[in-house]
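Residue-level listing of the chains:
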Number of protein chains: 2
Amino acid sequence: MKAFAFIAAAVALVSLSAPATAQFAKPEDAIKYRQSALTVMGTHFGRIGAMANGKVPFDAKVAADNADIVASMAKLPWAGFGKGTETGGNTKAKPEIWTEQAKFKEYSEKMVAETLKLDAAAKTGNLDALKASFSATADTCKTCHDAFRNK
Amino acid sequence: MKAFAFIAAAVALVSLSAPATAQFAKPEDAIKYRQSALTVMGTHFGRIGAMANGKVPFDAKVAADNADIVASMAKLPWAGFGKGTETGGNTKAKPEIWTEQAKFKEYSEKMVAETLKLDAAAKTGNLDALKASFSATADTCKTCHDAFRNK
């Protein structure tokens with residue numbers, strides 16, 4: 001079968017007897033995954049920011065499309081912060097993520113909640129609503145980065 | 001304002017007078033973005049593959065959730081392959097992407113279409129349908145990688 005080698009490679013991403021909580025074959029895979037999800041989210045969030053800050057013209061459709069992606073992506077990175085992924089790759093994660101799990105969870109959930117509000121605000125087509133929600137979402141990013149990410 | 005520095009940094013992602021077709025400040029940003037989108041997609045696609053290939057137990061809900069993410073992510077990477085992003089970062093992109101644009105577009109659209117079918121197949125909860133669609137989707141990945149990605 002043509003795709004056999006490809007499928008085999010894809011399957012290798014998941015170890016044979018992985019429990020549901022360990023969905024990555026190697027810590028590096030989890031680190032790359034969470035960084036990738038945050039990169040995609042940050043890119044689309046930045047596009048909303050450019051409109052919120054008047055750097056590019058406001059386009060309600062573009063804002064809504066980007067906010068949709070931001071809200072979807074916001075749910076993903078957290079699965080990549082499992083136990084055993086404290087170090088590896090070029091992670092900037094602080095050890096506090098794993099020693100202050102309740103706080104990390106609270107911050108990440110706050111961010112996810114704000115991206116849902118951002119998505120709703122973008123759908124209204126109202127620039128002032130978008131600006132306010134962009135700022136509130138950005139605050140949740142910054143709060144978490146300050147506590148849990150090395151410079 | 002607390003988030004000012006963060007917002008400023010986010011806005012810096014987009015250059016001041018960027019046309020709609022040039023949504024990245026630097027070629028490296030576009031390369032990192034497209035690689036990130038493909039990493040997230042590949043991770044979730046791999047989880048479906050693990051079930052399609054019997055490496056982990058089939059769970060219809062998990063398969064559907066992953067297929068949903070795959071189908072959403074499949075639309076994203078292509079914006080990162082604009083003119084001027086031929087080299088930079090650690091890209092494995094072949095120059096043929098930019099000299100054979102029609103073929104690249106055809107292959108990418110085929111992949112996107114197959115991920116939508118995969119999403120539909122996953123929603124049926126039928127493992128055989130999932131297997132067939134996983135294989136068809138994997139074929140589109142491989143075809144494009146063979147033509148347009150360096151080893």
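What you are looking at is a predicted structure, and each value in this text was computed from that prediction instead of being measured. (Residues numbered from 1 in each chain as written. Chains lettered and ligands numbered in written order. Predicted model: local features only at pLDDT ≥ 70, side-chain atom pairs only at ≥ 80, totals over all residues. Heavy atoms only, no water.)

Check the secondary structure of chain A and you find six helices and zero strands. From first element to last, N terminus to C terminus, chain A shows the α and β order α-α-α-α-α-α. When each of the 151 residues of chain A is scored for burial, the buried share is 44%. Nonlocal contacts in chain A, meaning residues at least 24 apart in sequence, comprise 71% of its contacts between residues at least 6 apart. Total accessible area on chain A stands at roughly 7400 Å², and carbon and sulfur atoms take up 59% of it. (Helix = DSSP H or I, 4+ residues; strand = E, 2+ residues; numbered from the N terminus. Buried < 20%, exposed > 50% of the residue type's maximum accessible area, 1.4 Å probe, protein only. Contact = heavy atoms within 4.5 Å. Areas by Shrake-Rupley, 256 points an atom, 1.4 Å probe, with all protein chains shown as cover.)

This paragraph deals with helix H5 (residues 101–124) of chain B. Residues and elements named next belong to chain B. Across its 24 residues, H5 extends 35 Å between first and last C-alpha, which sits within 8% of the 34 Å expected from 1.5 Å per residue. Of all the residues in H5, the buried ones are Phe104, Tyr107, Ser108, Met111, Val112, Glu114, Thr115, Leu118, Asp119, Ala121 and Ala122. Buried residues in H5 make contact with helix H2 (27–52), helix H3 (60–73), helix H4 (96–99) and helix H6 (127–148). Phi turns positive, to about 75°, at Gly125, one or two residues after H5. (Expected span 1.5 Å × (residues − 1).)

Right, let's get into the environment of Phe104 of chain A. Residues and elements named next belong to chain A. Position of Phe104 relative to the elements: it lies in helix H5 (residues 101–124). Assessed through its relative accessible area of 7%, Phe104 is described here as buried. Distance from Phe104 to Thr140, taken between C-alpha atoms, is 11 Å for residues 36 residues apart in sequence. Not counting residues up to four positions away in its chain, the partners in contact with Phe104 are Trp78, Phe81, Ile97, Cys144 and Phe148.

On to the packing of H5 of chain B against H6 of chain B, then. All names here are of chain B. Their axes nearest at 9 Å, the elements H5 and H6 cross at an angle of 165°. Looking at the two axes, H5 sits roughly antiparallel to H6. The crossing of H5 and H6 is left-handed. Contact residues: H5 offers Lys103, Phe104, Tyr107, Lys110, Met111, Glu114, Thr115, Lys117, Leu118, Ala121, Ala122 and Thr124, while H6 offers Ala129, Leu130, Ser133, Phe134, Ala136, Thr137, Thr140, Thr143, Cys144, Ala147 and Phe148. (Axes fitted to C-alpha atoms, helices over the stretch in contact; angles between N-to-C directions. Parallel < 35°, antiparallel > 145°, perpendicular 65-115°, else oblique. Left-handed = near helix turned anticlockwise from the far one by under 90°.)

Below, the discussion takes up the side chain of Ser36 of chain B. Considering the arrangement of structural elements, one finds Ser36 of chain B in helix H2. Ser36 of chain B gets classed as buried once you look at its relative accessible area, which sits at 5%. Ignoring sequence-local partners within four residues, the contact set of Ser36 of chain B consists of Ser36, Thr39 and Val40 of chain A.

What follows covers the state of the cysteines. Residue and element names in this part refer to chain A. Scanning the model with the defined rule gives zero disulfides over all chains in all. Considering cysteine sulfurs only, Cys144 is the nearest to Cys141, which forms no disulfide, with 8.5 Å between them. On the accessibility criterion, Cys141 (12% relative accessible area) is buried. (Disulfide = S-S within 2.5 Å.)

Attention now moves to the side chain of Ser133 of chain B. Examined against the element boundaries, Ser133 of chain B turns out to sit in helix H6. Not counting residues up to four positions away in its chain, the partners in contact with Ser133 of chain B are Glu114, Lys117, Leu118 and Ala121 of chain B.

Attention now moves to the nonpolar core. In terms of nonpolar packing, the biggest core is built from 56 residues, with Met73 and Leu118 of chain A together with Met73 and Leu118 of chain B touching the most fellow members. Counting only elements with at least two residues in this core, the list comes to helix H2 (27–52), helix H3 (60–73), H5 and helix H6 (127–148) of chain A together with H2, H3, H5 and H6 of chain B. If we skip the residues at most four places from it in the chain, Leu118 of chain B touches Phe45, Ile48, Ala67, Val70, Leu130, Ser133, Phe134 and Thr137 of chain B. (Core = buried A, V, L, I, M, F, W, Y, C linked by side-chain atoms within 4.5 Å.)

Our next topic: H3 of chain B. In an α-helix, one turn spans 3.6 residues; hence positions three or four apart end up facing the same way. Between the first and last C-alpha of H3 of chain B there are 20 Å, a value that for 14 residues agrees with the 20 Å anticipated at 1.5 Å per step. Of the surrounding elements, those touching the buried residues of H3 of chain B are H2 and H3 of chain A together with H2, H5 and H6 of chain B. You can read the cap of H3 of chain B off the contacts: a side-chain oxygen lies 3.0 Å from the backbone nitrogen of Lys61 of chain B, and it is on Asp59 of chain B. (Polar contact = N/O pair within 3.5 Å; in protein donor to acceptor, adjacent residues only side chain to side chain.)

Time to look at the confidence of the model for chain A. Confidence in the prediction of chain A, expressed as mean pLDDT, is 89, and 85% of residues score 70 or more. As scored by the predictor, the complex reaches a pTM of 0.87 and an ipTM of 0.87. (pLDDT = per-residue confidence, 0-100.)

What follows concerns the packing of H2 of chain A against H6 of chain A. All names here are of chain A. H6 packs onto H2 with a crossing angle of 130° between their chain directions and a minimal axis gap of 9 Å. When the interaxial angle is binned, H2 and H6 end up oblique. In the crossing of H2 with H6, the sense of the turn from one axis to the other is left-handed. Residue-level contacts link Phe45, Ile48, Gly49, Met51 and Ala52 of H2 to Leu127, Leu130, Lys131, Phe134, Thr137, Ala138 and Cys141 of H6. In terms of residue class, the contact of H2 with H6 is built from nine nonpolar, two polar and one charged. (Nonpolar A, V, L, I, M, F, W, Y, C, P; charged D, E, K, R; others polar.)

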